[in-house]
Amino acid sequence: MLPRLERRALRSRPPELPVDTHVYFFDGASRVHDSGRSASFGALLRVNGVVTARLAVLLGDHTNNEAEYMGMLSVLKHALSSGCNRICIYGDSKLVISQVDGAWKCHANNLVPYYEDGLRLVRRLHNACSGGFLRLSHVYREFNVDADS
(Lines give C-alpha, C1' and ligand atoms only; values in the text may rest on other atoms or scores of the structure.)
Protein backbone atom coordinates (compact mmCIF):
# COMPACT_ATOMS: atom_id res chain seq x y z
CA MET A 1 0.00 0.00 0.00
CA LEU A 2 1.23 3.49 -0.88
CA PRO A 3 1.84 6.04 1.88
CA ARG A 4 -0.86 8.70 2.34
CA LEU A 5 1.12 11.51 0.66
CA GLU A 6 1.79 9.38 -2.42
CA ARG A 7 -1.90 8.41 -2.70
CA ARG A 8 -2.85 12.09 -2.44
CA ALA A 9 -0.32 13.05 -5.12
CA LEU A 10 -1.91 10.52 -7.48
CA ARG A 11 -5.42 11.96 -7.10
CA SER A 12 -4.53 15.66 -6.91
CA ARG A 13 -4.50 17.68 -10.11
CA PRO A 14 -3.96 21.39 -10.59
CA PRO A 15 -7.17 23.37 -11.15
CA GLU A 16 -8.33 24.14 -14.65
CA LEU A 17 -7.77 27.75 -15.73
CA PRO A 18 -10.19 28.24 -18.65
CA VAL A 19 -9.61 31.08 -21.12
CA ASP A 20 -11.82 34.21 -20.92
CA THR A 21 -13.03 33.15 -17.47
CA HIS A 22 -12.77 34.84 -14.09
CA VAL A 23 -10.92 32.30 -11.95
CA TYR A 24 -11.05 33.06 -8.22
CA PHE A 25 -9.04 31.49 -5.40
CA PHE A 26 -9.73 32.05 -1.71
CA ASP A 27 -8.29 30.86 1.59
CA GLY A 28 -8.96 31.57 5.25
CA ALA A 29 -6.84 30.99 8.34
CA SER A 30 -7.06 31.37 12.10
CA ARG A 31 -4.23 31.15 14.61
CA VAL A 32 -4.24 31.20 18.38
CA HIS A 33 -1.71 33.59 19.95
CA ASP A 34 -1.00 34.65 23.53
CA SER A 35 -3.32 37.61 23.01
CA GLY A 36 -6.18 35.52 21.57
CA ARG A 37 -7.27 34.25 18.19
CA SER A 38 -6.44 36.06 14.95
CA ALA A 39 -8.13 35.21 11.65
CA SER A 40 -7.65 36.44 8.10
CA PHE A 41 -8.48 35.53 4.53
CA GLY A 42 -6.90 36.04 1.15
CA ALA A 43 -8.39 35.97 -2.33
CA LEU A 44 -7.21 36.54 -5.86
CA LEU A 45 -8.63 36.74 -9.36
CA ARG A 46 -6.93 35.37 -12.47
CA VAL A 47 -8.07 36.17 -15.98
CA ASN A 48 -6.30 34.28 -18.79
CA GLY A 49 -3.62 33.19 -16.31
CA VAL A 50 -2.79 36.73 -15.14
CA VAL A 51 -3.51 37.84 -11.58
CA THR A 52 -5.69 40.94 -11.93
CA ALA A 53 -6.82 41.43 -8.32
CA ARG A 54 -5.64 40.47 -4.84
CA LEU A 55 -7.26 40.90 -1.45
CA ALA A 56 -5.99 40.22 2.08
CA VAL A 57 -8.16 41.00 5.09
CA LEU A 58 -7.38 40.72 8.80
CA LEU A 59 -10.59 39.66 10.57
CA GLY A 60 -9.76 39.47 14.25
CA ASP A 61 -11.29 36.86 16.57
CA HIS A 62 -12.89 34.24 14.29
CA THR A 63 -12.59 30.50 13.70
CA ASN A 64 -10.81 29.01 10.70
CA ASN A 65 -14.11 27.99 9.06
CA GLU A 66 -15.56 31.48 9.60
CA ALA A 67 -12.47 32.95 7.89
CA GLU A 68 -12.85 30.50 4.98
CA TYR A 69 -16.50 31.47 4.62
CA MET A 70 -15.68 35.20 4.69
CA GLY A 71 -13.14 34.63 1.90
CA MET A 72 -15.72 32.75 -0.16
CA LEU A 73 -18.39 35.41 0.39
CA SER A 74 -15.95 38.14 -0.65
CA VAL A 75 -15.20 36.26 -3.87
CA LEU A 76 -18.90 35.66 -4.59
CA LYS A 77 -19.71 39.36 -4.12
CA HIS A 78 -16.84 40.40 -6.40
CA ALA A 79 -17.92 37.87 -9.03
CA LEU A 80 -21.47 39.25 -8.94
CA SER A 81 -20.24 42.80 -9.45
CA SER A 82 -17.84 41.81 -12.25
CA GLY A 83 -20.53 41.15 -14.86
CA CYS A 84 -18.61 38.12 -16.15
CA ASN A 85 -20.73 35.06 -16.97
CA ARG A 86 -17.89 32.51 -16.93
CA ILE A 87 -16.68 32.00 -13.37
CA CYS A 88 -14.60 29.35 -11.56
CA ILE A 89 -14.14 29.55 -7.79
CA TYR A 90 -11.50 27.42 -6.07
CA GLY A 91 -10.84 26.99 -2.37
CA ASP A 92 -9.02 24.47 -0.21
CA SER A 93 -11.85 24.23 2.33
CA LYS A 94 -13.83 21.13 1.38
CA LEU A 95 -16.41 22.11 4.01
CA VAL A 96 -17.13 25.59 2.62
CA ILE A 97 -17.11 24.53 -1.05
CA SER A 98 -19.38 21.53 -0.40
CA GLN A 99 -21.82 23.51 1.74
CA VAL A 100 -22.13 26.52 -0.58
CA ASP A 101 -22.42 24.22 -3.60
CA GLY A 102 -25.38 22.51 -1.88
CA ALA A 103 -23.78 19.06 -1.47
CA TRP A 104 -23.52 19.28 2.33
CA LYS A 105 -25.79 20.81 4.95
CA CYS A 106 -24.56 23.21 7.61
CA HIS A 107 -25.15 22.22 11.24
CA ALA A 108 -22.74 24.58 13.04
CA ASN A 109 -24.67 27.48 14.57
CA ASN A 110 -21.76 29.90 14.13
CA LEU A 111 -21.58 29.13 10.38
CA VAL A 112 -25.29 29.18 9.50
CA PRO A 113 -25.42 32.96 8.69
CA TYR A 114 -22.40 32.60 6.36
CA TYR A 115 -23.87 29.44 4.81
CA GLU A 116 -27.21 31.15 4.10
CA ASP A 117 -25.46 34.20 2.60
CA GLY A 118 -23.35 31.88 0.45
CA LEU A 119 -26.37 29.98 -0.85
CA ARG A 120 -28.16 33.25 -1.64
CA LEU A 121 -25.13 34.67 -3.48
CA VAL A 122 -24.56 31.44 -5.44
CA ARG A 123 -28.21 31.46 -6.56
CA ARG A 124 -27.82 35.07 -7.75
CA LEU A 125 -24.55 34.22 -9.47
CA HIS A 126 -26.09 31.20 -11.24
CA ASN A 127 -28.78 33.52 -12.62
CA ALA A 128 -26.16 36.08 -13.69
CA CYS A 129 -24.13 33.36 -15.46
CA SER A 130 -27.10 32.09 -17.49
CA GLY A 131 -25.22 32.18 -20.81
CA GLY A 132 -21.93 30.93 -19.36
CA PHE A 133 -21.08 28.77 -16.38
CA LEU A 134 -20.32 28.83 -12.68
CA ARG A 135 -18.01 26.22 -11.16
CA LEU A 136 -17.23 25.84 -7.43
CA SER A 137 -14.42 23.35 -6.79
CA HIS A 138 -12.22 22.14 -3.98
CA VAL A 139 -8.47 22.18 -4.63
CA TYR A 140 -5.69 20.84 -2.47
CA ARG A 141 -3.68 23.32 -0.44
CA GLU A 142 -0.63 23.03 -2.70
CA PHE A 143 -2.69 24.47 -5.59
CA ASN A 144 -3.98 27.37 -3.49
CA VAL A 145 -0.69 28.91 -2.32
CA ASP A 146 -1.29 32.31 -3.98
CA ALA A 147 -4.51 32.88 -2.02
CA ASP A 148 -2.89 31.45 1.10
CA SER A 149 -0.01 33.91 0.93
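Everything numeric here is computed off the predicted structure, so don't read it as measured data.

What counts, and at which threshold
- In every chain, residue numbers begin from 1 and rise along the written sequence.
- In view of the model being predicted, local features appear only for residues whose pLDDT reaches at least 70, and side-chain atom pairs are presented and counted only at 80 or more, with totals across whole chains, interfaces and linings using the full set of residues.
- Hydrogens are left out, water is left out, and the side-chain values use all remaining heavy atoms of the structure.
- Under the scheme used here, helices are H or I runs from DSSP no shorter than 4 residues and strands are E runs no shorter than 2 residues, and both carry numbers assigned from the N terminus.
- Exposure is judged per residue with a 1.4 Å probe applied to protein chains only, and the accessible area is read against the type maximum: over 50% gives exposed, under 20% gives buried, and values in between give partly exposed.
- The criterion used for residue contact is that any of the two residues' heavy atoms lie within 4.5 Å.
- Two strands pair under a simple rule: DSSP has to find at least two bridges between them.
- Here an angle of 0 to 180 degrees is reported between the N-to-C directions of two axes, which are lines fitted to C-alpha atoms, with helices fitted over the stretch in contact.

(A) Fine view of the side chain of Gln99. Locating Gln99 in the fold gives a position in helix H3 (residues 94-100). Since its relative accessible area comes to 4%, Gln99 is described here as buried. What Gln99 contacts, discounting residues up to four positions off in sequence, is Tyr69, Trp104, Lys105, Cys106, Tyr115 and Leu119.

(B) Region of the structure containing the sheet that holds strand E5 (residues 133-138). Here we have 5 strands laid out as an open sheet, ordered E3-E2-E1-E4-E5, and mixed in their pairing. Looking along the sheet, the strands with just one partner apiece sit at the ends: strand E3 (50-60) and E5. Ignoring strand direction, the axes of neighbouring strands in this sheet form an average angle of 15 degrees. As paired strands, strand E4 (residues 86-91) and E5 are joined by 6 bridges and run parallel to one another. In the sheet register, Ile89 faces E5, and the bridge partner there is Leu136. Docked against the sheet, helix H2 (residues 64-82) engages strand E1 (22-33), strand E2 (36-47), E3, E4 and E5, running at close to 155 degrees with respect to E1. Helix H4 (residues 112-128) rests against E4 and E5 of the sheet, and its axis sits at about 140 degrees to E5.

The values are spatial; any link to function lies outside them.
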